[in-house]
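So the chains spell out like this:
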Amino acid sequence: GTDGHSPLPHSFSHTKLKSPCGTGGGPGGALTLAECNAFLPTLKRILEIFVALCGAPIDQRMEHGKTFLMFMCSSGCLGAVEHVLSMGANVSMRDTEAWTPLMIACRGDEAVRPGDPNVTDDEFYADRVAIIHALVDAVADLDATNTNGLTALHLASMNLKPRLVKVSLSLS
């Protein structure tokens, strides 16, 4: 576009991971895990077109300096995170407040959880734990700090996510 954004990432960044019509079952229209997984084939195809055919970088920055990987980590959708990582996303990128994808995953956004009563805590946290492992396997910096001086472990423990704290401690 003429505002310095390419059309796809600009429109994607304004969806806040909502369903195409903005009617997701989670708070504020955020996708539930079931909706995210159902939308995954479409998301993969969009990203492949965006990167392969349009030549745009997978680490394209969007609103607040966030990347596709950061949005996917926030969604809690393991398949989406794995796909973006397979496309070469950089796990060391930081947004405008110095948050990394690992910090976002360890924060454990509940946006996708409350809207989906069919997903148990164990299922929800299993994907979160797998996302954290995928980021660490991709050599995410465990000691990175955001503008408030917080690490991924701080964020997991502050938000009372015992399973995420346990995983973060085991990776330290």
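This text follows the structure it describes.
Residues numbered from 1 in each chain as written. Predicted model: local features only at pLDDT ≥ 70, side-chain atom pairs only at ≥ 80, totals over all residues. Heavy atoms only, no water.

Asker: Honestly, the overall build of the protein chain in this entry has me stumped. Any pointers?
Answerer: Counting its regular elements, the protein chain contains 8 helices and 0 strands. Expressed as a percentage of the 172 residues in the protein chain, the buried residues total 48%. With an accessible surface of roughly 8200 Å², the protein chain has 58% of that area assigned to carbon and sulfur atoms. (Helix = DSSP H or I, 4+ residues; strand = E, 2+ residues; numbered from the N terminus. Buried < 20%, exposed > 50% of the residue type's maximum accessible area, 1.4 Å probe, protein only. Areas by Shrake-Rupley, 256 points an atom, 1.4 Å probe, with all protein chains shown as cover.)

Asker: Any chance you could explain the packing of helix α3 (residues 68-75) against helix α4 (residues 78-86) here in plain terms?
Answerer: Think of two packed helices as two axes; the pair is described by the angle between the axes and how far apart they sit. With their axes 8 Å apart at the nearest point, α3 and α4 run at an angle of 160° to one another. In terms of orientation, α3 lies roughly antiparallel with respect to α4. Between α3 and α4 the crossing geometry is left-handed. Along its contact with α3, which presents F68, L69, M72 and C73, the element α4 presents A80, V81, V84 and L85. (Axes fitted to C-alpha atoms, helices over the stretch in contact; angles between N-to-C directions. Parallel < 35°, antiparallel > 145°, perpendicular 65-115°, else oblique. Left-handed = near helix turned anticlockwise from the far one by under 90°. Contact = heavy atoms within 4.5 Å.)

Asker: Please explain α3 as it appears in this structure.
Answerer: The α-helix advances 3.6 residues per turn, and as a result positions three or four apart in sequence lie on the same side. Of all 8 residues in α3, 8 are buried; the element is thus mostly enclosed. Downstream of α3 by one or two residues, G76 has phi in the positive range, about 80°.

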